[in-house]
Amino acid sequence: MASRKPAKKKPAQGHPARRTGASNVPFESEVRQALQPFKSSLFRHFHEEGQSASETRAALEGLTTLLTVHAQLRKSVDVKTLDPTILGEQLGHLTSLGKEVSEASAAILKHYLTFLGTTANFGGSVDEFKQTFEFLSRMAGDSPIVAPYLEDDEANGNLEAMPFVFAARELIDWVGEGKPTTPAGVLTGQTLQDAAGALGLFVKVDESAGIPEDSQWEPEDGTVVSSLADVPRLSAYWDALIGTAMLRYEAPNATPTESLSDALLASSGQGARLVKELIAEVLYSHILINTLEEPGKAQIAEMVAGVLSNAASSTPPRAEFALQVPTEEDLPAEQHHLIASLEEVVPQVESLLRVFEREGLVEINDEITVPVVLRSSLERALAKVSDHVLKGAEEAADPQA
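In this text, all values refer to a predicted model and were calculated from it rather than measured experimentally.

Here's the deal with helix H7 (residues 152-160)
Owing to its 3.6 residues per turn, the α-helix aligns residues three or four sequence positions apart on the same side.
For step 1, the next point in the chain: Every buried residue belonging to H7 is among Ala155, Asn156 and Leu159, and all of these are buried. Along the long axis of H7, the arc covered by the buried residues comes to 95 degrees, so they all point the same way.
For step 2, the next point in the chain: Each element contacted by the buried residues of H7 is listed here: helix H8 (163-175) and helix H12 (270-293).

Topic: the nonpolar core
For step 1, the next point in the chain: Counting 73 residues, the largest nonpolar core has Phe164, Leu171, Tyr284, Leu308, Phe356 and Leu374 as its most contacted members.
For step 2, the next point in the chain: Broken down by element, the residue count for this core peaks at 10 residues, all from H12.
For step 3, the next point in the chain: Every residue in contact with Phe164, bar those within four places of it in the chain, is listed here: Leu159, Tyr237, Lys276, Ile279, Ala280, Leu283, Glu359, Leu361 and Leu374.

Considering the packing of aromatic side chains
For step 1, the next point in the chain: Scanning all chains against the criterion turns up 5 aromatic pairs.
For step 2, the next point in the chain: Ring centres 6.2 Å apart and planes at 20 degrees place the aromatic pair Tyr112 and Phe115 in the stacked group. Taken together, the residues Tyr112 and Phe115, both in helix H5 (residues 99-118) and 3 residues apart, mark about one turn of the helix.
For step 3, the next point in the chain: You can call Tyr112 buried: its relative accessible area is 0%.
For step 4, the next point in the chain: The buried category is assigned to Phe115, whose relative accessible area is 1%.
For step 5, the next point in the chain: Cluster of aromatic residues (ring-pair linked, three or more members): Phe38, Tyr112 and Phe115.
For step 6, the next point in the chain: Above the face of the Trp174 ring, Lys179 is positioned so that its terminal group lies 4.9 Å from the ring centre.

A look at the side chain of Ser377
For step 1, the next point in the chain: Along the chain, the position of Ser377 falls in helix H16 (residues 375-397).
For step 2, the next point in the chain: Among residues more than four places away in sequence, those in contact with Ser377 are Glu277, Ala280, Glu281 and Tyr284.

A closer look at the confidence of the model for the chain
For step 1, the next point in the chain: Looking at the chain as a whole, its pLDDT mean stands at 86, while 91% of the residues score no less than 70.
For step 2, the next point in the chain: Low pLDDT, under 50, characterises residues 1-22; the stretch is placed with 31 contacts to residues that sit more than four places away or in other chains.

With respect to the sheet that holds strand S5 (residues 253-256)
Within a sheet, neighbouring strands are paired by backbone hydrogen bonds and run either parallel or antiparallel to one another.
For step 1, the next point in the chain: Across the sheet, 3 strands lie side by side as S1-S5-S4; this open sheet has antiparallel pairing. This sheet does not close on itself; its edge strands, each paired only once, are strand S1 (179-180) and strand S4 (247-250).
For step 2, the next point in the chain: As defined by bridge partners, S4 adjoins S5 across 4 bridges and the pair is classed as antiparallel. If you follow Glu250 over to S5, its bridge partner there is Asn253.

A closer look at helix H6 (residues 126-139)
For step 1, the next point in the chain: Taking 1.5 Å of rise per residue, 14 residues should cover 20 Å, and H6 covers 20 Å from first to last C-alpha, within 8% of that figure.
For step 2, the next point in the chain: Residues of H6 that are buried include every one of Thr132, Glu134, Phe135, Leu136, Ser137 and Met139, and no others.
For step 3, the next point in the chain: Once H6 finishes, Gly141 follows within two positions and takes phi at roughly 85 degrees, a positive value.

Brief notes about the pattern of salt bridges
For step 1, the next point in the chain: Applying the stated criterion to the full structure yields 16 salt bridges.
For step 2, the next point in the chain: Between Glu160 and Arg169 there is a salt bridge; the shortest N-O distance is 2.6 Å.
For step 3, the next point in the chain: Given the relative accessible area of 31%, Glu160 is considered partly exposed.
For step 4, the next point in the chain: With a relative accessible area of 17%, Arg169 lands in the buried category.
For step 5, the next point in the chain: Note that Lys297 and Glu294 form a salt bridge whose closest N and O atoms lie 3.5 Å from each other.
For step 6, the next point in the chain: You can call Glu294 partly exposed: its relative accessible area is 34%.
For step 7, the next point in the chain: Within this structure, Glu218, Arg233, Arg358 and Glu359 form a network of salt bridges that share partners.

Conventions we followed
Residues numbered from 1 in each chain as written. Predicted model: local features only at pLDDT ≥ 70, side-chain atom pairs only at ≥ 80, totals over all residues. Heavy atoms only, no water. Buried < 20%, exposed > 50% of the residue type's maximum accessible area, 1.4 Å probe, protein only. Helix = DSSP H or I, 4+ residues; strand = E, 2+ residues; numbered from the N terminus. Arc of directions from axis to C-beta. Contact = heavy atoms within 4.5 Å. Core = buried A, V, L, I, M, F, W, Y, C linked by side-chain atoms within 4.5 Å. Phe/Tyr/Trp six-rings, centres within 6.5 Å; stacked < 30°, edge-to-face > 60°. Lys NZ or Arg CZ within 6 Å of the ring centre and 35° of its normal. pLDDT = per-residue confidence, 0-100. Pairing = 2+ DSSP bridges. Expected span 1.5 Å × (residues − 1). Salt bridge = Lys/Arg side-chain N within 4 Å of Asp/Glu carboxyl O.

Here it is, written out as structure tokens:
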């Protein structure tokens, strides 16, 4: 009989995040008992071709550990659902042990979630399953995004026609040799008003004015604003120019980085393509992260991120389904209670998607699609958004961190 080589990917004691002596931790016995009815079918689900039985048992031990920690954080045992907020906190802690540990944990939990779904054992709603699945997919390093290879000439040709490229050029042209800002690089006063005008936004700046209740992406002409944050479209583009190092601060002005601004203005070459893709990346992440941070808007940002991810896949969503509030005929009776909240949420999801459409970052026709040339930018942006969510979960769990 050939001797079995030591397992390299999975330690013999189970999951890499499993702690010594974890067999006595709170909730573990309850979790094991709750999993008992699934024991045989779970083993079959986790057993992969060419994998030994001991490796499968090790994977299930890792799952047990993860579900036990999940129960500890949510202070109850429910092996038929997973709480996305708790998952964010849980995987955030594991990231401190290494990205590979966090990704391996997310992959195991995603595999388990698939088991619950395919065996009709998931205890939540369809929307909750989708939200949890998409979150774990991102955390596991999986992505439905398909980004075919494009030659620089083809990519630049596509980018030339996009509204966000035109807007970024207008703004960098307005900056000229430099414009005065605060030490943090923020536009204020008359300079802010002029910058907005460069993007076709005719606002009036009054720094004593109150904060608008709901800032529109493009404020109506004559709107009184007090700060850059009150002009979301300008704020996003200014952040994009700063975030790509196209602008740098040299007291008292923000001045262009000549090589990068030249690349933005160019219509050919690898550099021209790269800088435009970087601007798109910052715009995607800026809009999503700012929405996440607005009170009561986190769900909107998460749903839009999910739609964008699928819109960059090989099976983009149909607009009539993605942007339509389901009726009672569309949902089983136990999910009819979701309709009221969806009537409020879906229009906000569409509104945010229309912002991306306005800038050429997504196309909404019969299907919702992300331009092929921008799919790598979107994928990097969604990774930034995921990191932001994890950082927030870590800080909420440990305010002193």
